[in-house]
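# An overview of the molecular structure
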Amino acid sequence: MADHERLQDEQQHRHAQEKTVVSPKPGEWLDNPLPVPKRHVKKEMDYGFEPAPEQMFFDIPISDEDDFDL
């Protein structure tokens, strides 16, 4: 009988805790019950080698008559 009474006391205590509802203050964040995406982990990309400054030339001279991009 003692186990049965203890179980009833625990259930009543749990039920009393469930009834205690704390209302949030104005402007306070609410718990979101929906699943959210994982936080973004910033990744840093790097190359296998660093080119020399002389190799960092991207402006290729072309003639004025060359209309390849039209």
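Just so you know, these numbers come straight off a predicted model, no measurement behind them.

### Some words on the overall build of the protein
A tally of helices and strands in the protein yields one helix and zero strands. Within the protein, buried positions represent 0% of all 70 residues. By element, 57% of the accessible surface of the protein is carried by carbon and sulfur atoms, the whole surface being about 8,500 Å².

### Quick look at a nonpolar patch on the surface
There is a patch of nonpolar side chains on the surface, built from Ile60, Ile62 and Phe68 and spanning about 370 Å² of accessible area. Overall, phenylalanine 68 belongs to the exposed group, its relative accessible area being 58%.

### Focus on a negative patch on the surface
Negative charge collects at one region of the surface, where Asp64, Glu65, Asp66 and Asp67 lie side by side. Within the secondary structure, aspartate 67 sits in the segment after α1 (2–19). Taking the relative accessible area as the measure of exposure, aspartate 67 reaches 48% and is therefore partly exposed.

About the thresholds
Residues numbered from 1 in each chain as written. Predicted model: local features only at pLDDT ≥ 70, side-chain atom pairs only at ≥ 80, totals over all residues. Heavy atoms only, no water. Helix = DSSP H or I, 4+ residues; strand = E, 2+ residues; numbered from the N terminus. Buried < 20%, exposed > 50% of the residue type's maximum accessible area, 1.4 Å probe, protein only. Areas by Shrake-Rupley, 256 points an atom, 1.4 Å probe, with all protein chains shown as cover. Patch = residues over 30% accessible without salt bridge, like charges linked within 9 Å, V, L, I, M, F, W, Y side chains within 5 Å. Salt bridge = Lys/Arg side-chain N within 4 Å of Asp/Glu carboxyl O. Lys, Arg positive; Asp, Glu negative; His and termini not counted. Charge placed at Lys NZ, Arg CZ, Asp CG, Glu CD.

Honestly, that's just the spatial picture; any functional story needs more than this.
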